[in-house]
Amino acid sequence: MKISNFSPMIMSPNAEELISLFEELGFEKRHTKTGLNDEDITHVRMKNEDGFHVDISDVDRLPQDVACIRMNVDNFEEAYDFLVERGFKNTQGDKIGESKSGKGTAMMSPTGFIIVLSHHIKNHD
């Protein structure tokens, strides 16, 4: 399994406020995806001039912000199994969000931190 991205991510019911905050800190929107996970979730990837990234996802069903780590890998199943073998649980039960550009889910460790595991497919329509 190769990790192609490892960066902070914030899932928030107040994503627009966070996006504005990070824009004030010098980050710019680089990529936006909507309708993720068969829900009304919008994900924004931001980057500053020094090359630092932060991802912000608008998740209305959360009562508060959740800071986590986004980990993009070349082999989703291998990474998923790796985390499960170490006690991580899929926060959505057995559900894996899929689209033509990738798949992913949030995995919670036994101690409570979250890795948002994703596989981005670069060759899509």
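The coordinates are above.
The structure reproduced in this document is the subject of the present report. (Residues numbered from 1 in each chain as written. Predicted model: local features only at pLDDT ≥ 70, side-chain atom pairs only at ≥ 80, totals over all residues. Heavy atoms only, no water.)

**Details of the pairing of strand E9 (residues 114–120)**
Thought 1: E9 sits mainly inside the fold: five of its seven residues count as buried.
Thought 2: Looking at chain direction, strand E5 (residues 66–73) and E9 are connected through four bridges and run parallel. Looking at the pairing, Met-71 lines up with Leu-117 of E9.
Thought 3: Examined bridge by bridge, strand E8 (residues 102–108) and E9 share seven bridges and lie antiparallel to one another. Bridged to Gly-102 within E9 is His-120.
Thought 4: A loop of five residues connects E8 with E9, the two strands running antiparallel in sequence, and Gly-112 in this loop sits at a positive phi of about 110°. (Buried < 20%, exposed > 50% of the residue type's maximum accessible area, 1.4 Å probe, protein only. Helix = DSSP H or I, 4+ residues; strand = E, 2+ residues; numbered from the N terminus. Pairing = 2+ DSSP bridges.)

**Topic: helix H2 (residues 76–85)**
Thought 1: The complete set of buried residues in H2 reads Phe-76, Ala-79, Tyr-80 and Leu-83. Taken down its axis, H2 places every buried residue within 100° of arc, on the same side.
Thought 2: Where the residues of H2 are buried, they touch E5, strand E6 (89–90), E8 and E9.
Thought 3: Sitting at the amino-terminal end of H2 is Asn-75, which places a side-chain oxygen 3.3 Å from the backbone nitrogen of Glu-77.
Thought 4: Trailing H2 by a residue or two, Gly-87 shows a phi angle of about 95°, which is positive. (Arc of directions from axis to C-beta. Contact = heavy atoms within 4.5 Å. Polar contact = N/O pair within 3.5 Å; in protein donor to acceptor, adjacent residues only side chain to side chain.)

**Examining the pattern of salt bridges**
Thought 1: Summed over the entire model, instances satisfying the criterion amount to five salt bridges.
Thought 2: The salt bridge partner of Arg-70 is Asp-55, with a shortest N-O separation of 3.3 Å. Of this pair, Arg-70 sits in strand E5 while Asp-55 sits in strand E4 (residues 53–58); the two residues are 15 residues apart in sequence, bridging distant segments of the chain.
Thought 3: Its salt-bridge partner being Lys-103, residue Glu-77 comes within 2.5 Å of it at the nearest N-O pair. On the criterion of sequence distance, the pair formed by Glu-77 in helix H2 and Lys-103 in strand E8 is long-range, its members being 26 residues apart. (Salt bridge = Lys/Arg side-chain N within 4 Å of Asp/Glu carboxyl O.)

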